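Tertiary structure, described
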Amino acid sequence: MSTPGTTLFSLPRKKRPQTRKRGAFLTAARQPSAIIGIAIIIGFILISLFAPLMTPYSSRAVTCGVFEPPSTQHWLGCDDGGVDVLTLVLEGGRVSMFVGFTAAAIALIIGTSVGILSGYFGGWVDTVLMRITDYFLVIPQIVLMIVIAAVWGPSLDHVIVVIGALMWTATARIVRSQVKSIRERVYVRRVEAIGGGHTRIILRHILPQLGPLLAASGVLAITVAIFNETALAFLGLSDPNAITWGTIMERAFSRAAISTGAWWAIVPAGIAVALLILGCYLLGRAIEDALNPRLKISHLALRTWAVRPLGSTVEIDRRSRAQRRIAAAQETPGAARPAEQNTASTRDPEPAAPPPGTDPAQPAPPPGADPVQPDTNGDRA
């Protein structure tokens, strides 16, 4: 009920906020590094798909001279067999990217499965799976890949299986730690309380929460897979009949392209590998920064590379604070320094000066007594 002299009116409803919280993918897509990474990856995918339409030459036919330098007809020159290098790089990118993406997918599947089982069930399952993961972490991956590929023989399928089967350890560790955190959340406990099975909990409530994390791990795994495939192919452990970036560099290096000065036979393939790895790395880092805001730091800032002076950090902090106090005291000359104020406040007060006409050696009268008047007639007697 309203009081006399007042008017009732309805307040407008609050509008919904126009900006809602974005997901990890949308947050990462707005970063410049993610935009550059996505552009590089999409560019390489489009080039690999339309490679036969972008070059008029064949990767099997001789179209120029041996180690012919770049020209208007052959933009990247020719290799030792008279084959156009641009054609080889474009077709080699298709195979290298296929190997990298497939091996990364295998590693992601194995690592996710191991991490979910270890983090969800715990106990002896966690102990056994993590000990196996530790064994694979201790062994150098590239050395074990070389040994297995040499035993199995040079084949593209063997390279994919070897890279995928030995690159899952990092993903398993990351997924395990995240699953152990999700396992203790309230909604998962409530599903268990109403009788939800393990398969339903994992597929419906845990696995969707791992989507952005798996995307970041998968993109970063592609970089490692492409690098490992290039390394194995450069060492001659890949299929010699397949055209990849690694085999292009291996053939150019083994046939004295560097010693003869034919840099164009090996450098374009290396630049292609570096650019694709850079694009995947930038995209993966952007997704990781979106998932964890504490990772949003400048990795290449000048402050990171600053040379620190000698001495302990405690002493350095003490000196810096003292220098700031001195600078502040010099800027305000009327104010006393903090150190002087502290010493002045703790110092005992000085005794007051005696009044004029009194003897300093004469003791002071007790409180309440009349003051002693000086005898002015003593000298007259």
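Residues numbered from 1 in each chain as written. Predicted model: local features only at pLDDT ≥ 70, side-chain atom pairs only at ≥ 80, totals over all residues. Heavy atoms only, no water.

1. Here's the deal with the overall build of the protein
Spelled out, the test is: Under the DSSP-based scheme used, a helix requires at least four consecutive residues in state H or I and a strand at least two consecutive residues in state E, with every element numbered from the N terminus. Note on contacts: a residue pair is in contact if any heavy atoms of the two residues lie within 4.5 Å. Methods summary: accessible areas were calculated by the Shrake-Rupley approach with a probe of 1.4 Å, and residue burial reflects only the protein chains presented.
Summing up its helical and strand segments, the protein has 15 helices and zero strands in all. A separation threshold of at least 6 residues defines the contact pool for the protein, and within that pool the share at least 24 residues apart is 69%. When the accessible area of the protein is evaluated, it comes to approximately 25000 Å², of which 63% is carbon and sulfur surface.

2. A short note on helix 8 (residues 169–183)
Selection rule: The span expected for a helix works out to 1.5 Å for each residue beyond the first. Per-residue accessibility, obtained with a 1.4 Å probe over protein chains only, is compared with the maximum for each type, and a residue is labelled buried under 20%, exposed over 50%, and partly exposed between these values. This arc corresponds to the set of directions leading from the helix axis out to the C-beta atoms.
Between its first and last C-alpha atoms helix 8 spans 21 Å; for 15 residues at 1.5 Å apiece the expected length is 21 Å, and the two agree. By the burial criterion, the buried members of helix 8 are T169, T171, A172, V175, R176, V179, I182 and R183. Seen from one end, helix 8 has its buried residues packed into an arc of 140 degrees, which puts them on one side. Among the structural elements, helix 4 (85–121), helix 5 (123–138), helix 6 (141–152), helix 9 (186–193), helix 10 (198–206) and helix 11 (211–234) are those in contact with the buried residues of helix 8.

3. Here's the deal with the packing of aromatic side chains
Spelled out, the test is: In summary, the pairing rule links any two rings of Phe, Tyr or Trp, Trp by its six-membered ring, whose centres are within 6.5 Å, and it sorts them by plane angle into stacked for under 30 degrees, edge-to-face for over 60 and tilted for everything else.
Taken as a whole and assessed by the stated rule, the structure comprises five aromatic pairs. Seen in terms of ring centroids, F44 and W245 are 5.9 Å apart; in terms of plane orientation they differ by 75 degrees. Their pairing is edge-to-face. Taken together, the residues F44 in helix 2 (residues 32–49) and W245 in helix 12 (residues 245–254) connect sequence positions 201 residues apart. Like W245, F44 is buried.

4. A look at helix 11
An ideal rise of 1.5 Å per residue puts 34 Å on 24 residues; helix 11 measures up with 34 Å between its terminal C-alpha atoms. Downstream of helix 11 by a residue or two, G236 has a phi angle that is positive, lying close to 85 degrees.

5. Quick look at the environment of D289
With respect to the helices, strands and loops of the structure, D289 is situated in helix 13 (residues 267–291). Remark: the alpha-carbon pair of D289 and A216, spanning 73 residues in sequence, is separated by 9.7 Å.

6. Quick notes on the pattern of salt bridges
Heads up, the rule is: Each salt bridge in this description consists of a side-chain nitrogen of Lys or Arg and a carboxyl oxygen of Asp or Glu lying within 4 Å of one another.
Counted by the stated rule, this structure contains seven salt bridges. D134 is paired through a salt bridge with R173; the nearest N and O atoms lie 3.3 Å apart. Of this pair, D134 sits in helix 5 while R173 sits in helix 8, and the two are 39 residues apart along the sequence. A residue is classified by how much of its surface remains accessible, and R173, at 34% relative accessible area, is partly exposed. As a salt-bridge pair, R183 and E192 come within 2.2 Å of each other at their nearest N and O atoms. It is possible to trace a salt-bridge network through shared partners that takes in R183, E184, R189 and E192.

7. Section: a nonpolar patch on the surface
Rules: Like-charged residues within 9 Å of one another, or nonpolar side chains (Val, Leu, Ile, Met, Phe, Trp, Tyr) within 5 Å, are grouped into patches, provided each residue has over 30% relative accessible area and no salt bridge.
On the surface, a nonpolar cluster with roughly 900 Å² of combined accessible area is contributed by I38, I42, I45, L46, I47, L49, F50, L53, M54 and F101. Among the elements of the structure, helix 2 and helix 3 (51–54) are those that each provide at least two residues to the nonpolar patch. If you tally residues by element for the nonpolar patch, the top one is helix 2, at six residues. Positionally, I42 belongs in helix 2.

8. Side note on the packing of helix 4 against helix 11
Our working definition: Between the N-to-C directions of two axes lies an angle of 0 to 180 degrees, each axis being a line fitted to C-alpha atoms and, for a helix, fitted only over the stretch in contact. Relative orientations are named as follows: roughly parallel for angles under 35 degrees, roughly antiparallel for angles over 145 degrees, roughly perpendicular for angles from 65 to 115 degrees, and oblique for any other angle. The handedness criterion is simple: a crossing whose near helix is rotated anticlockwise from the far helix by less than a right angle is left-handed, and one whose near helix is rotated clockwise is right-handed. Three residue categories are used. Nonpolar comprises Ala, Val, Leu, Ile, Met, Phe, Trp, Tyr, Cys and Pro, charged comprises Asp, Glu, Lys and Arg, and polar comprises the others, including Gly.
Contact pair helix 4 / helix 11: the axes reach a minimum separation of 8 Å and the direction vectors enclose 130 degrees. In terms of orientation, helix 4 lies oblique with respect to helix 11. The crossing of helix 4 and helix 11 is right-handed. Seen from helix 4, the contacting residues are S96, V99, G100, F101, A103, A104, L108 and T112; seen from helix 11, they are L214, S217, G218, A221, I222, A225, I226 and E229. Across the contact of helix 4 with helix 11, the residue classes tally to ten nonpolar, five polar and one charged.

9. Structural notes on the side chain of S238
Following the sequence through the fold, S238 ends up in the loop between helix 11 and helix 12. The class of S238 is buried, set by a relative accessible area of 5%. Not counting residues up to four positions away in its chain, the partners in contact with S238 are P154, S155, L156, V159, E229, L232 and A233.

10. As for the nonpolar core
The following threshold applies: Joining through side-chain atoms within 4.5 Å is the link that ties buried Ala, Val, Leu, Ile, Met, Phe, Trp, Tyr and Cys residues into a set, and such a set is a nonpolar core.
Counting 58 residues, the largest nonpolar core has F44, I163, W245 and L276 as the members making the most contacts within it. Those elements giving two or more residues to this core turn out to be helix 2, helix 4, helix 5, helix 6, helix 7 (156–166), helix 11, helix 12 and helix 13. Setting aside chain neighbours within four positions, we find W245 in contact with F44, V89, G92, G93, S96, A269, A272, V273 and L276. Counting residues in each nonpolar core, the second largest holds 13 residues, with V175, V179, I202 and L210 among its members.

11. Some details on the confidence of the model for the protein
Quick note on the threshold: As a per-residue quantity, pLDDT reports the predictor's confidence and falls between 0 and 100.
When the pLDDT values of the protein are averaged, the result is 78; 73% of them are 70 or greater. The low-confidence segment residues 14–21, where pLDDT is below 50, has zero contacts with residues more than four positions distant or belonging to other chains.

12. Considering the packing of helix 4 against helix 7
Put simply, helix 4 and helix 7 touch, their axes get as near as 7 Å, and they point 40 degrees apart. With respect to the hand of their crossing, helix 4 and helix 7 are arranged in right-handed fashion. Where helix 4 abuts helix 7, its residues V95, F98, V99, T102, A103, I106, A107 and I110 lie against L156, V159, I160, I163, G164 and A165. Here the residues of the contact of helix 4 with helix 7 are counted per class, giving twelve nonpolar, two polar and no charged.

13. Thoughts on the side chain of D84
The line we're drawing: In this charge count, Lys and Arg are treated as positive and Asp and Glu as negative; neither His nor the chain ends contribute. Pairs of N or O atoms are called polar contacts if they sit within 3.5 Å, as long as, within protein, a hydrogen donor faces a hydrogen acceptor (for residues adjacent in sequence, only side-chain-to-side-chain pairs).
One can find D84 in the loop between helix 3 and helix 4. Nearest to the buried, unbridged D84 among oppositely charged side chains is R60, at 14 Å. Side chain to side chain, D84 and T87 meet in a polar contact 3.0 Å long. Not counting residues up to four positions away in its chain, the partners in contact with D84 are T55, Y57, T63, H74, G77 and C78.

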